[in-house]
Amino acid sequence: MEEFYTIQGEGYNTGKAAYFIRLGGCDVGCHWCDVKESWDAELHALTSADTIVEHAAQHPAKNVVVTGGEPLIYNLDYLTAQLKINGIRTFIETSGAYPLSGNWDWICLSPKKFKAPSPDVAVMANELKVIIFNKSDFEFAEQHAKTVSPDCKLFLQPEWSKAKEMTPLIVDYVMNNPQWEISLQTHKFLNIP
Ligand SMILES: C[S@@+](CC[C@H](N)C(=O)[O-])C[C@H]1O[C@@H](n2cnc3c(N)ncnc32)[C@H](O)[C@@H]1O
Ligand SMILES: Nc1nc2[nH]cc(C(=O)O)c2c(=O)[nH]1
Ligand code: SF4
Ligand SMILES: [Mg+2]
């Protein structure tokens, strides 16, 4: 759908420059999704994986974030193999709704109530990032924390439109449950992509 060079705004790798590859297509249907224009893959022109890798390799930071849409709709073995050949670290943002493919340096799993993540993604996740839209999402976060590995980093991120209401609850929750950390969508405050 699009490619852009920016700074990772969310989660464990916040603050690192990275080339973003946003793949079109998602059927998870989060009503608060901040990239609904990504859902219909057919609305976006196709770009070959080789061209994308060539573009990524031209940027100073050797980090790529593959996101979407839901990137795991596609088999990502070829794309990540080519990125690796070019010495690029591979990060993925996924709901986990499809089986894991690709070779990843960092897997950020953001599970959704609307389509449960597959267990193979949960066990491999380096980071669990749960979006807090309402109070019941804390319990949802704890359920998913049981499915990830013991060294997986745990993040709570306010849903953007509910941030005013939810952020104080997250602050309180993290102070009482310090195995969790807060993640903010810092790129939205910085006005960068
Ligand atoms: C747009 S999604 C694309 C990748 C994948 N489909 C997923 O959901 O993880 C990228 C990240 O943005 C988060 N996100 C999407 N809409 C959001 C919103 N309104 N507020 C906060 N985070 C949001 C998702 O949970 C995910 O962690
Ligand atoms: N700067 C920036 N950081 C991000 N982290 C995850 C994003 C995403 O949409 O997947 C995203 C994004 O869209 N922009
Ligand atoms: S899974 Fe990700 S891309 Fe798909 S609707 Fe939810 S937040 Fe948006
Ligand atoms: Mg985004």
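This one's a predicted model, so the numbers in the text were calculated from it and none came from an experiment.

1. Quick notes on the UniProt feature "binding site: S-adenosyl-L-methionine" (unreviewed entry) in the chain
Here, UniProt's "binding site: S-adenosyl-L-methionine" (unreviewed entry) annotation points to Trp-32, Cys-33, Asp-34, Gly-69, Ser-110, Pro-111 and Lys-112. Relative to the elements of secondary structure, Cys-33 occurs in the loop between strand E2 (17-23) and helix H1 (49-57). For Cys-33, a count of 17 C-beta atoms within 10 Å puts it in the partly exposed group. By the secondary structure assignment, Ser-110 is in the loop between strand E5 (106-109) and helix H3 (119-124). Beyond its immediate sequence surroundings of up to four residues, Ser-110 is in contact with Glu-93, Ser-95, Lys-129, Val-130 and Ile-131.

2. Some details on unusual backbone geometry
Generally, phi is negative for residues other than glycine and the peptide bonds are trans, each holding for most cases. In this structure, Gly-69 follows Gly-68 across a cis peptide bond, with omega equal to 25 degrees. Looking at the element boundaries, Gly-69 is found in the loop between strand E3 (63-68) and helix H2 (77-85). The backbone of Asn-191 sits at a positive phi, close to 55 degrees, despite the residue not being glycine. Summarising the element assignment, Asn-191 is placed in the segment after helix H6 (186-190).

3. Focus on the site of ligand 3
If you check the shell around ligand 3, you find Cys-26, Val-28, Gly-29, Cys-30, Cys-33, Val-35, Ser-38, Gly-68, Gly-69, Glu-70, Ser-95 and Lys-112 and nothing else. Looking at the shell around ligand 3 residue by residue, the classes come out as five nonpolar, five polar and two charged.

4. Some thoughts on the packing of H1 against H2
Where H1 meets H2, the axes come as close as 10 Å, and the angle between the chain directions of the two elements is 30 degrees. When the axes of H1 and H2 are compared, the crossing they make is right-handed. Between H1 and H2, the contacting residues are Ala-49, Asp-50, Val-53 and Ala-56 on the first element and Tyr-78, Leu-79, Gln-82 and Leu-83 on the second. Taken together, the residues of the contact of H1 with H2 sort by class into six nonpolar, one polar and one charged.

5. Details of the sheet that holds E3
Read from one edge to the other, the open sheet built from eight strands follows the order E1-E2-E3-E4-E5-E6-E7-E8, with strand pairing classed as mixed. Of all the strands in the sheet, just strand E1 (2-7) and strand E8 (180-182) have a single pairing partner and so form its edges. Here the average twist between neighbouring strands, direction ignored, is 25 degrees. Note that E3 and strand E4 (residues 89-94) share four bridges and pair parallel. By the bridge assignment for E4, Val-64 is matched with Thr-90.

6. Quick notes on the site of ligand 2
All residues in the neighbourhood of ligand 2 are listed as Thr-6, Ile-7, Gln-8, Gly-9, Glu-10, Val-35, Thr-67, Glu-93, His-187 and Pro-193. Its residues assigned to classes, the shell around ligand 2 comprises three nonpolar, five polar and two charged.

7. Some words on the UniProt feature "binding site: substrate" (unreviewed entry) in the chain
Listed under "binding site: substrate" (unreviewed entry) in the UniProt record, and renumbered for this structure, are Ile-7, Gln-8, Gly-9, Arg-22, Thr-67 and Pro-193. Tracing the sequence through the fold places Ile-7 in strand E1. When sequence neighbours within four positions are dropped, the list of residues in contact with Ile-7 reads Gly-15, Lys-16, Ala-17, His-187 and Ile-192. Residue position: Thr-67 is located in strand E3. Ignoring anything within four residues of it in the chain, the contact list for Thr-67 reads Phe-20, Arg-22 and Glu-93.

8. Some points on the pairing of strand E7 (residues 153-158)
Here E7 lies mainly inside the structure; five of its six residues are buried. Pairing of strand E6 (residues 127-132) with E7 involves six bridges; the strand directions are parallel. Looking across to E7, one finds that Ile-132 is bridged to Pro-158. Between the parallel elements E6 and E7, the chain passes through helix H4 (residues 136-145) in a crossover that is right-handed. One crossover worth recording links E7 to the parallel E8 by way of helix H5 (residues 163-176), and it is right-handed.

How each quantity is defined
Residues numbered from 1 in each chain as written. Chains lettered and ligands numbered in written order. Predicted model: local features only at pLDDT ≥ 70, side-chain atom pairs only at ≥ 80, totals over all residues. UniProt positions renumbered as here; feature names shortened; annotations may be inferred. Helix = DSSP H or I, 4+ residues; strand = E, 2+ residues; numbered from the N terminus. Buried ≥ 20, exposed ≤ 12 C-beta atoms within 10 Å, placed from the backbone. Contact = placed C-beta atoms within 7 Å. Near = placed C-beta within 6 Å. Nonpolar A, V, L, I, M, F, W, Y, C, P; charged D, E, K, R; others polar. Axes fitted to C-alpha atoms, helices over the stretch in contact; angles between N-to-C directions. Left-handed = near helix turned anticlockwise from the far one by under 90°. Pairing = 2+ DSSP bridges. Right-handed = clockwise from strand over helix to strand, strands pointing away.

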